[in-house]
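Okay, here's what each chain looks like letter by letter:
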Amino acid sequence: MSLDHISTGRFPRTRMRRMRADAFSRRLMREHTLTVDDLIYPVFVLDGDNRREAVPSMPGIERQSIDLLVAEAERLAALGVPAVALFPVTPPERKSLDAAEAWNPDGLVQRTVRALKEAVPELGVITDGALDPFTSHGQDGLLDDSGYVMNDETVEVLVRQARSHAEAGADVIAPSDMMDGRIGAIREALEDDGHTLTRIMAYSAKYASSFYGPFRDAVGSAASLGQADKKTYQMDPGNSDEALREVAQDMDEGADMVMVKPGMPYLDVIHRVKHQLGVPTFAYQVSGEYAMLRAAEANGWLDGRACALEALTAFKRAGADGILTYFARDVAAWLNDREV
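Residues numbered from 1 in each chain as written. Predicted model: local features only at pLDDT ≥ 70, side-chain atom pairs only at ≥ 80, totals over all residues. Heavy atoms only, no water.

A look at the environment of Val36
By secondary structure assignment, the location of Val36 is in the loop between α1 (23–28) and β1 (39–46). Separated by 299 residues in the primary sequence, Val36 and Leu335 place their C-alpha atoms 7.0 Å from one another. Filtering out sequence-adjacent residues up to four positions away, Val36 remains in contact with Leu79, Gly80, Val81, Pro82, Ala332, Leu335 and Asn336. (Helix = DSSP H or I, 4+ residues; strand = E, 2+ residues; numbered from the N terminus. Contact = heavy atoms within 4.5 Å.)

Overview of unusual backbone geometry
Residue Pro12 is reached from Phe11 by a cis peptide bond, and omega for that bond is 10°. Secondary-structure assignment places Pro12 in the segment before α1. Put simply, Lys261 and Pro262 share a cis peptide bond, and its omega is -5°. Along the chain, Pro262 turns up in the loop between β8 (257–261) and α9 (267–277). You will see that Asn50, though not glycine, has its phi angle at about 50°, which is positive. Here the phi dihedral of Met178 falls at roughly 70°; this positive angle occurs in a residue that is not glycine. Assignment of secondary structure puts Met178 in the loop between β6 (172–175) and α5 (182–192).

Some details on the pairing of strand β10 (residues 322–325)
Remember that side chains alternate between the two faces of the sheet whenever the strand is regular. Of the two faces of β10, the one holding Gly322 and Leu324 and the one holding Ile323 and Thr325 are both buried throughout. Both β1 and β10 contribute to a ladder of 2 bridges, which runs parallel. Looking at the pairing, Ile40 lines up with Leu324 of β10. Examined bridge by bridge, strand β9 (residues 281–285) and β10 share 4 bridges and lie parallel to one another. Counterpart to Phe282 in the pairing with β10 is Gly322. (Buried < 20%, exposed > 50% of the residue type's maximum accessible area, 1.4 Å probe, protein only. Pairing = 2+ DSSP bridges.)

With respect to the packing of helix α3 (residues 108–119) against helix α4 (residues 151–168)
One can describe the packing of α3 onto α4 by two numbers: an axis separation of 8 Å at closest approach and a directional angle of 25°. Between α3 and α4, the crossing angle belongs to the class labelled roughly parallel. The chirality of how α3 crosses α4 is right-handed. Counting all contacts with α3, which are made through Val109, Gln110, Val113 and Arg114, the residues of α4 involved are Ser164, His165 and Ala168. Here the residues of the contact of α3 with α4 are counted per class, giving 3 nonpolar, 3 polar and 1 charged. (Axes fitted to C-alpha atoms, helices over the stretch in contact; angles between N-to-C directions. Parallel < 35°, antiparallel > 145°, perpendicular 65-115°, else oblique. Left-handed = near helix turned anticlockwise from the far one by under 90°. Nonpolar A, V, L, I, M, F, W, Y, C, P; charged D, E, K, R; others polar.)

Focus on helix α10 (residues 287–298)
The first and last C-alpha atoms of α10 sit 16 Å apart over 12 residues, in line with the 16 Å expected at 1.5 Å per residue. Those residues of α10 hidden inside the fold are in contact with α6 (213–219), β9, α11 (304–318) and α12 (328–335). A positive backbone phi angle near 75° is found at Gly300, which sits one or two residues after α10. (Expected span 1.5 Å × (residues − 1).)

Section: the pattern of salt bridges
A complete count under the given rule lists 21 salt bridges for this structure. With a closest N to O distance of 3.4 Å, Asp132 and Lys230 form a salt bridge. One end of the pair, Asp132, is in the loop between β5 (124–129) and α4; the other, Lys230, is in the loop between α7 (222–225) and α8 (241–253), with 98 residues separating them in the sequence. In this pair, the class of Asp132 matches that of Lys230, namely buried. In this structure, Asp256 engages Arg187 in a salt bridge whose closest nitrogen and oxygen atoms are separated by 2.6 Å. Residue Asp256 is located in the loop between α8 and β8, and its partner Arg187 is located in helix α5; the two are separated by 69 residues in the primary sequence. (Salt bridge = Lys/Arg side-chain N within 4 Å of Asp/Glu carboxyl O.)

Brief notes about the side chain of Glu101
Along the chain, the position of Glu101 falls in the loop between β4 (83–88) and α3. Of the side chains with opposite charge, Arg94 lies nearest to the buried Glu101, which makes no salt bridge, at 4.4 Å. Residues within four places of Glu101 in sequence aside, it is in contact with Arg94, Gly107, Leu108 and Phe134. (Lys, Arg positive; Asp, Glu negative; His and termini not counted.)

Topic: the environment of Tyr41
Relative to the helices and strands, Tyr41 resides in strand β1. For Tyr41, a relative accessible area of 3% translates into the label buried. Separated by 11 residues in sequence, Tyr41 and Arg52 place their C-alpha atoms 17 Å apart. With residues near it in sequence (within four places) discarded, Tyr41 still touches Ile61, Glu72, Leu76, Ala83, Val84, Ala85, Thr325, Tyr326, Ala328 and Arg329.

Below is the structure:
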């Protein structure tokens, strides 16, 4: 917004601090407010019963078996959290070059979706459309003989995966792979199968970031990936015009909402996407962002609660309609004045 036409007034007739003097007037003029409705909680699921494993690089976050995750989901729904984003921990023996476990109708994700929708039908369930939890090499797609991630062949597998998730009852498919053309192919398949209300949250501007390390530890893909990177399909951190093109293309292909990932280092991209294109825009406060705040809190360097709320409010100020954040459970409790 341009301020050229606005008379700001001269001191002392205008004192900007007047409206900051009391809590009531600060509240009345607050431009952006974080609420529970803005939160999506990413969760990690593993096989077995009554199992939980701490993620060392993400204090407070655990991998949980389906039964424990269902109980967690019930608590989240009671706090008013609208949705969870589901990420599987695939045992090494079920990983393969063709990622066949990704579309197994009795796979971990598919069973988890069914359990969550049966137990907490009002809670939105978002599934990850990507192959890296299922490939033996840790990449998000199928490889050719030279090790290059093939686009069109990968899209065919992503369509199979999306179909299986929709059939299991997922409310939202979130393709996070950054293959060209996958949104259109998935949308066409969902329409053909009669899943006309299954939404697509496209990770349209997913950057080849260094902030993903703790997440890869959590799902067990770090060891598979090794020293390789994902720069041939994820976006260059130096680009933002390209993000607008990616978003526009995904919306044209049938996405219902788009994602910018990571969050805090890309607030400018969130702002451009929302204010230039006007589409439903989401941000992912990724594992590295979460881990940094938790580590600073543990060392007594920062007030963890205050900084988490401030960071998430920054996403709202930039234009995000909602935020995937590992703080979601805690923030929902804080906003409801409940114990975590």
